[in-house]
Amino acid sequence: MAQARQIKLGLSCRFLGYHVAAWRHPDVPSDGALSLQHFLKVAKKAEAEKIDMIFFADSVGVREDDLPPGSAARSMKNAELEPTTLLSAIAACTQNIGLVATASTSYNEPFNVARRYASLDHISGGRAGWNVVTSWSEQEAWNFGRDQHFDYDTRYAMADEFVDVVAGLWDSWEPDAFLRDKQSGLFYDPEKLHILNHQGRFYKVRGPLNSARTPQGRPIIVQAGGSEPGRDLGARAADVIYSSSHSIEKAQAYYADMKARVAAYGRDPSELLVMPGVTFYVDETMEKAKAKQDLLQRLIEPEVGLSILYHHFGDLRGYDIDGPLPEPKHAKVKSLADSLYQMAQQNDLTIRDVYLTVAAGNSGWTIVGTPESIVDELQKWAENNAADGFNICPATLPNGMEDVAGFILPELRARGMFRTEYEGPTLRENLGLALPELGDIAARHRSKVASL
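Throughout this description, residue numbers start from 1 for each chain and increase along the sequence as written. Restriction of local features to residues with pLDDT of at least 70 applies here, the model being predicted, together with a cutoff of 80 or more for giving and counting side-chain atom pairs; totals for whole chains, interfaces and linings are based on all residues. Values shown for side chains rest on all heavy atoms present in the structure; no hydrogens or waters enter the calculation.

**Student:** Explain the environment of Pro394 to me, please; I cannot follow it from the model alone.
**Tutor:** Note on placement: Pro394 falls in the loop between strand E13 (389-392) and helix H13 (399-414). In sequence terms Pro394 and His19 are 375 residues apart; their C-alpha atoms lie 8.0 Å from each other. Helix numbering and strand numbering both begin at the N terminus, where a helix is a DSSP run of H or I of at least 4 residues and a strand a DSSP run of E of at least 2.

Here is the structure:
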């Protein structure tokens, strides 16, 4: 019998869970998004179960438009902790689990990001990861002296240069540069210091970084690009890709595309791990699993439900919520609005039915089932070139992590698909990634040009 493929697992700790009504669940602490103890409990449980990493998405602005008016006040997406600060506290109370957080390339400076994540890597003993995003919302722009967010092409051009600068700063010192020789009085070897002297379109950064090379060479780089420039940046610079696919066919197409792009940069395809996001509702029977989802669905306030549909159908407050869905007008994404409208027409769905359907899907891959049926799906994706692992996006926290431990991991381990012990003390070791060479990310530009 062939040995099952081993997978990697991350746990995304967004707010109190990924369901819009997570904060209203009776077992969820409604103030948990501002509580170290809440997230520390989740992190320690994840580490006890040998999960590769916890991940904190972030935004430098509130995440919700107040559309229709009054809906934002019913959303939990408005107050959270700055993630690298939070992860530094978690690092002091954990030993092995990876610590990944988002930092925007649009509203930071490269030096600040390089220093912050290098510090987290030193504090944690080599467990830090940076999730690269370009940001997307006008609310973020308003907090940084701008009336509008950067246009699409500009923000990706900025991100491409930003990553090069950060990586260059992380390469300021060779691994053995710091001698700290009390006898000779030499603190570092000047031959092993590298001044960046970067001058580009968006950034002028001399360097060096005032931090030694970190325990895992440099922090892990994570990215989630679905667009053409996003995919290209991920293929060149990332170690891990968080992807979003609703079907195995789309996941396979994305996986194949990313592995091919990696090879075009002179990298081995195994150097980039593709980890689709998945939300599941699991219990010992399908009926119990469905009951978990139904409980959260019942907690969705109508105002929040209408906000889910606002950008597709406009303000629906004047319509009967249990009546038919009107045709979309002035939709931001016409194809998606048309798809939802056709679904409603074909299945005789009300406005309430449609927003509940969208909420249940969480705009990503959602599975409801038993441990066996869910792991069947995970195994199918892993063994058919759709995933190297998964970024688990629990509907609620801490309940979601408890379900991972109680239902999913025992089944994965029974099939030989997940570890029982960590491979090493660093995130890079546990992900099975080699130590990086100095200058490797910048060199990949040249590798692709040479291959054209």
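**Student:** What is the right way to read the packing of aromatic side chains from this model?
**Tutor:** For this analysis, a ring pair means two rings from Phe, Tyr or Trp (six-membered ring only for Trp) whose centres lie within 6.5 Å, classed as stacked if their planes differ by under 30 degrees, edge-to-face if by over 60, and tilted for the remaining angles. Per the counting criterion, the structure on display carries 16 aromatic pairs. Relative to Trp170, the ring of Trp130 lies with its centre 6.2 Å away and its plane at 85°, an arrangement referred to as edge-to-face. Linking Trp130 in strand E4 (residues 128-133) with Trp170 in helix H5 (residues 152-170), this pair joins segments that are 40 residues apart in sequence. Both residues of the pair, Trp130 and Trp170, belong to the buried class. Each ring, one from Phe202 and one from Tyr203, has its centre 6.3 Å from the other, and the planes form 55°; the classification is tilted. These aromatic residues form a ring-pair network of at least three members: Tyr117, Trp130, Phe162, Trp170, Phe202 and Tyr203. Directly above the ring of Tyr18 sits Arg14, whose terminal nitrogen or CZ lies 5.3 Å from the centroid. Geometrically, a lysine NZ or arginine CZ counts as sitting over a ring once it is within 6 Å of the ring centre and also within 35 degrees of the ring normal. Over the ring of Phe150 we find Arg146; its NZ or CZ atom is 3.9 Å from the centre of that ring. Burial here depends on accessible area, computed with a 1.4 Å probe over protein chains only, as a share of the maximum for the residue type. Under 20% is buried, over 50% is exposed, and the range in between is partly exposed.

**Student:** Would you explain the nonpolar core in this entry?
**Tutor:** One broad rule of soluble globular proteins: the nonpolar side chains tend to lie buried together. The nonpolar core is taken to be a set of buried Ala, Val, Leu, Ile, Met, Phe, Trp, Tyr and Cys residues, with the residues joined through side-chain atoms within 4.5 Å. Ranked by internal contacts, the top residues of the largest apolar core, which has 84 residues, are Ile51, Ile54, Ile90 and Trp130. Here this core gets 9 residues from one element, more than from any other, and that element is H5. Two residues form a contact once any of their heavy atoms are found within 4.5 Å. With sequence-adjacent residues up to four places away left out, Ile54 is seen in contact with Leu11, Cys13, Ala43, Ala46, Leu87, Ile90, Ile97, Gly98, Leu99 and Val100. One finds Ala21, Ile308, Leu309 and Leu325 within the second-largest nonpolar core, a separate group that totals 19 residues.

**Student:** Looking at this structure, how should I read the side chain of Thr134?
**Tutor:** Inspection of the secondary structure assignment puts Thr134 in the loop between E4 and helix H4 (138-142). Overall, the relative accessible area of 8% leaves Thr134 in the buried class. Nitrogen and oxygen atoms within 3.5 Å of one another constitute a polar contact, given that in protein one can donate a hydrogen and the other can accept it, and given that sequence-neighbouring residues count only through two side-chain atoms. A distance of 3.0 Å separates polar atoms of two side chains, one belonging to Thr134 and the other to Arg155. Those residues in contact with Thr134 that sit more than four places away from it in its chain are Ser104, Thr105, Ser106, His149, Arg155, Tyr156 and Ala159.

**Student:** Is there a simple way to think about the environment of Asp164 in this case?
**Tutor:** Positionally, Asp164 belongs in helix H5. By relative accessible area, Asp164 is classed as partly exposed at 21%. Only 2.6 Å separates the side chain of Asp164 from the side chain of Arg236, close enough to count as a polar contact.

**Student:** Just to check I follow, could you spell out the pattern of salt bridges for this structure?
**Tutor:** Once the charged atoms of two side chains with opposite charge are near each other, the side chains can pair. Any carboxyl oxygen of Asp or Glu within 4 Å of a side-chain nitrogen of Lys or Arg constitutes a salt bridge here. Tallying each qualifying case throughout the model produces 32 salt bridges. Notably, a salt bridge pairs Asp176 with Lys192, separated by 2.7 Å at the nearest N-O pair. In this pair, Asp176 sits in the loop between H5 and strand E5 (178-181) while Lys192 sits in the loop between strand E6 (186-188) and strand E7 (198-199), placing the two residues 16 residues apart along the sequence. Residue classification places Asp176 among the partly exposed residues on the basis of a relative accessible area of 40%. The partner of Asp403 in a salt bridge is Lys292, and the shortest N-O contact between them spans 3.1 Å. Linking Asp403 in helix H13 with Lys292 in helix H8 (residues 286-298), this pair joins segments that are 111 residues apart in sequence. Take Asp403: its relative accessible area is 17%, and that puts it in the buried class. With a relative accessible area of 25%, Lys292 lands in the partly exposed category.

**Student:** Mind showing me how you'd approach the packing of H5 against helix H6 (residues 228-237) here?
**Tutor:** For any two helices packed against each other, one specifies the inter-axial angle together with the distance between the axes. Geometry is summarised by axes, namely lines fitted to C-alpha atoms with helices restricted to the contacting stretch, and by angles between N-to-C directions that run from 0 to 180 degrees. In contact at an axis separation of 10 Å, H5 and H6 are set at 5° when each is read in the N-to-C sense. In terms of orientation, H5 lies roughly parallel with respect to H6. On H6, the residues that touch Tyr152, Tyr156, Ala159, Asp160, Val163 and Asp164 of H5 are Glu228, Pro229, Gly230, Leu233, Arg236 and Ala237. Polar here means any residue outside two lists: the nonpolar Ala, Val, Leu, Ile, Met, Phe, Trp, Tyr, Cys and Pro, and the charged Asp, Glu, Lys and Arg; Gly therefore counts as polar. Among the residues forming the contact of H5 with H6, the class breakdown is 7 nonpolar, 1 polar and 4 charged. Any angle that is under 35 degrees is reported as roughly parallel, and any over 145 degrees as roughly antiparallel; angles of 65 to 115 degrees are reported as roughly perpendicular and all others as oblique.

**Student:** How should H6 be read in this particular structure?
**Tutor:** Because an α-helix completes one turn every 3.6 residues, residues spaced three or four positions apart along the sequence face the same direction. Taken together, the buried positions of H6 are occupied by Gly230, Leu233, Gly234, Ala235, Arg236 and Ala237. Of the residues that open H6, the one with a side-chain oxygen 3.2 Å from the backbone nitrogen of Gly230 is Ser227.

**Student:** How do you make sense of helix H12 (residues 371-383) when you look at a structure like this?
**Tutor:** Across its 13 residues, H12 extends 18 Å between first and last C-alpha, which sits within 8% of the 18 Å expected from 1.5 Å per residue. For H12, the complete set of buried residues consists of Pro371, Ile374, Val375, Leu378, Gln379, Trp381 and Ala382. Angularly, the buried residues of H12 cover 160° about the axis, an arc narrow enough to put them on a single face. Close packing links the buried residues of H12 with helix H7 (248-264), strand E11 (273-282), strand E12 (365-369), E13 and H13. Of the residues flanking the end of H12, it is Asn385, one or two places downstream, whose phi is positive at about 55°. Every helix has an expected span of 1.5 Å times one less than the residues it contains. Note that the arc is computed from the directions linking the helix axis to the C-beta atoms.

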